[in-house]
Amino acid sequence: MSGLLTPPYGVMETGSNNDRMPDKDSMSSGALCQVSKNCSKVPSEKILRAGKILRNTILSRAPHMIRDRKYHLKTYRQCCVGTELVDWMMQQSTCVHSRTQAVGMWQVLLEEGVLNHVDQEHHFQDKYLFYRFLDDEREDAPLPTEEEKKECDEELQDTMLLLSQIGPDAHMRMILRKPPGQRTVDDLEIIYEELLHIKALSHLSTTVKRELAGVLIFESHPKAGTVLFNQGEEGTSWYIILKGSVNVVIYGKGVVCTLHEGDDFGKLALVNDAPRAASIVLREDNCHFLRVDKEDFNRILRDVEANTVRLKEHDQDVLVLEKIPAGNRVSNQGNSQPQHKYIVMSGTPEKILEHFLETMRLEATLNEATDSVLNDFIMMHCVFMPNSQLCPALMAHYHAQPSQGTEQEKMDYALNNKRRVIRLVLQWAALYGDLLQEDEAAMAFLEEFYVSVSDDTRMIAALKEQLPELEKIVKQVSEEPKAPQKKHKVLLQLFNTSDDRAQKRQPIRGSDEVLFKVYCIDQTYTTIRVPVSSSVKEVISAVADKLGSGEGLIIVKMSSGGEKVVLKPHDVSVFTTLSVNGRLFACPRDQFDSLAPLPEQEGPSAGTVGTFELMSSKDLAHQMTIYDWELFNCVHELELIYHTFGRHNFKKTTANLDLFLRRFNEIQFWVVTEICLCSQLSKRVQLLKKYIKIAAHCKEYKNLNSFFAIIMGLSNVAVSRLSLTWEDPSRNHRAYRLTVAKLDPPIIPFMPLLIKDMTFTHEGNKTFTDNLVNFEKMRMIANTVRTVKFCRSQSFNPDAALTNKNHQDVRSYVRQLNVIDNQRTLSQMSHRLEPRRA
């Protein structure tokens, strides 16, 4: 921690008014402009180059866009119009999906001064406003030569891809710099999306995050050593670190800790109405913060408490609801809907189920959005109310009889109650689908429930309309496993890349059996045949049977780099969670230290550039997309939940999800492997360009999983140090969300990011609070899972023009990528290609 400052504060600068955002009341576009000017810096070489390429390409392809323009009798030299720049950018690249995205890309240039508003008054806007390239600020700005035009033509797509990656960050800063009162509905939604990924806010409810989106203020400080506030001062604001780090300093103790991106400080003084307990000092230059002022903070907390309703039994909370605006819509009948609705925040499993049954609208169709809250319950109940509890509870609700009321009222209640339970069971069975076959309790319940409903239809005619659908589901689920040979399939190879086109890839089920090699310390192996969902304990037993002894055996995951992990006896999904070149070993515990990777785990020693440079980038991207869709389409939504909360807690496999996530890593390492195995510099430059083209085509095909895998491969340190300096993709969530928001299904999503989102929500929020299910957490996770459902809501139809061509070689190639997945090896190869310059 060199250079950390401790009292006395002689060398520190207190944040001046120029550095600090003005208060909301005194904000004006002039004040905002002042802040943006203060934030400007010398443009980086990368962005200077990007600006030159865009300017030269415009002069080459659309020279009329840069010209002298008149406005209110004043002439503005050599400038462009905001809307025209957005139009032009959208026409140049398939990477740009929306005007919003294009605005962010131009804002990158504006922030660094490579493009400027003619009067220095505006951020980049998609409006009739004049902007000028830095090169055109000079009177005698030269026109590009033919050689420069050709160069810029070649580099345009690289530039577009770079700007599409960093544009979302610039767009976010632009929105945050607007005064809260000037933020549009779209702006608020983008800020809210950002708040979902800030560690300090992860435990707050959706309502609070949405409220914060409307009041947060962006504050940036350029210099390390700036004091944000001093110990003993009155607490007026709460801060969240967006970028950079700060030191927490206490008189007499010095620096007590350092806070980083995603951390917060200053809230305690607001909550307790006490003086600041420490001083906060910037640890590095160019730090960005989100600030919430005391008045707004207290109002939001008051509003939340005022809108909370608690239902108690025996003096204990059993259900906590929150009143939120419903949006004043008019129904089909013309009558106005209620202005508010109540959402479940927490409760006991039984009370939550009861609440959803009681509030279910029977007139709504199964597909209506009103059922999304019910879907949240159905999707997430396995976490807090497994089928062994849910099924008896549903049966009890179905047979429940009211104790009060007239005979007619009792009959009406019983009928509506039964219809609601049937509705819920139909949705539950539809979500689980084939997975029900692996749950004996659920199967038994379904059959018993069908018999009960069937019996009731003889007396209650109104139930007949729901019976056929229930009958269809029961038949589907109960008959399939009984068919010969269908009970389970044997997978000769889990990572099956079968070239049999007629055979549609089937999802892997826990009961399917797998033939798998488990290696011994002498690097021989034994092949075991066990169900995919086997636990480590069962794998040990199968290995012991083959070896004739299992005394003290352990199962070890071995990566190509030699990292060893001893698997716990209750772990499941052991076969599919291996790294790309990972292997399973079995050995006595005392031989663990002697285990070493197999030579075959090292990966290839020669690249395949000679093969795939002859294949067109479009064909490669197309065949990758067909294969990725097959893998993605096999993933069951519930696998995401099992993965997030721990497979072993459900004793369920996540094999299909594991293979899809593995594919992401495989593509990423394929990019790095091929570049590091390419010894010729000119070939390597061509290879980089080819990968950029493949990435652009993947994005065109809405295959965001492979698109980001390639981008992250190009961002890998073993590649980025060689030539292209890629932007750090750690903020990919902004680029991804901006892209996916404008796409229609079918889409292959960026799955590692969805998993990261769910893990972030899971780790930042308790599953139970005060012995009640934290249903707000369930809703947030279900919302991410719903993304997967949306992406697959339209079926994928491959590009007929490309499919009809004979692509057997391309098809086989993308399904059998041979890679090096050892980062240390890749970095060493990179340094051999281009040793580090002194």
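Figured I'd write up the structure that's included with this text.

Rules used throughout
- Residues numbered from 1 in each chain as written.
- Predicted model: local features only at pLDDT ≥ 70, side-chain atom pairs only at ≥ 80, totals over all residues.
- Heavy atoms only, no water.
- Helix = DSSP H or I, 4+ residues; strand = E, 2+ residues; numbered from the N terminus.
- Buried < 20%, exposed > 50% of the residue type's maximum accessible area, 1.4 Å probe, protein only.
- Contact = heavy atoms within 4.5 Å.
- Areas by Shrake-Rupley, 256 points an atom, 1.4 Å probe, with all protein chains shown as cover.
- Pairing = 2+ DSSP bridges.
- Phe/Tyr/Trp six-rings, centres within 6.5 Å; stacked < 30°, edge-to-face > 60°.
- Lys NZ or Arg CZ within 6 Å of the ring centre and 35° of its normal.

**What to know about the overall build of the protein**
Line of reasoning, step 1. Each helix and strand counted, the protein has 30 helices and 24 strands in total.
Line of reasoning, step 2. Among the 838 residues that make up the protein, the fraction classed as buried is 52%.
Line of reasoning, step 3. Contacts in the protein between residues at least 24 apart in sequence constitute 71% of all its contacts with a sequence separation of at least 6.
Line of reasoning, step 4. Surface accessibility of the protein: about 39200 Å² in total, with carbon and sulfur atoms responsible for 50%.

**A closer look at the sheet that holds strand β24 (residues 772-774)**
Line of reasoning, step 1. One open sheet accounts for 5 strands, arranged β14-β15-β16-β24-β23; its pairing is antiparallel. The open sheet has two free edges, formed respectively by β14 (308-313) and β23 (768-769), since each of these has just one partner strand.
Line of reasoning, step 2. In this sheet, β24 lies alongside β23 in antiparallel orientation, the contact comprising 2 bridges. By the bridge assignment, Phe768 is partnered in β24 with Val773.

**Points about unusual backbone geometry**
Line of reasoning, step 1. Residue Pro746 is reached from Pro745 by a cis peptide bond, and omega for that bond is 5 degrees.
Line of reasoning, step 2. Counting through the fold element by element, Pro746 comes out in the loop between α25 (732-740) and α26 (751-764).
Line of reasoning, step 3. For Gln78, which is not a glycine, the phi torsion comes out positive at approximately 35 degrees.
Line of reasoning, step 4. Among the structural elements, Gln78 can be located in strand β3 (residues 74-81).
Line of reasoning, step 5. A positive phi angle, near 70 degrees, is found at Gln523, a position not held by glycine.
Line of reasoning, step 6. Relative to the helices and strands, Gln523 is located in the loop between β18 (513-519) and β19 (525-531).
Line of reasoning, step 7. For Gln523, a relative accessible area of 31% puts it in the partly exposed group.

**Observations concerning the packing of aromatic side chains**
Line of reasoning, step 1. The final tally for this structure, using the stated rule, is 35 aromatic pairs.
Line of reasoning, step 2. Summarising the aromatic geometry, the rings of Trp106 and Phe133 are spaced 6.1 Å apart at their centres and angled 65 degrees between planes, so their arrangement reads as edge-to-face. You can see Trp106 sitting in helix α4 (residues 99-111) and its partner Phe133 sitting in strand β5 (residues 130-133), a full 27 residues away along the chain. Taken individually, Trp106 and Phe133 each receive the classification buried, so the pair is uniform in this respect.
Line of reasoning, step 3. Here the aromatic residues Tyr398, Trp428, Tyr432, Phe445 and Phe449 are joined through ring pairs into a cluster of three or more.
Line of reasoning, step 4. Its end group placed over the ring of Tyr525, Lys517 keeps NZ or CZ at 4.6 Å from the ring centre.

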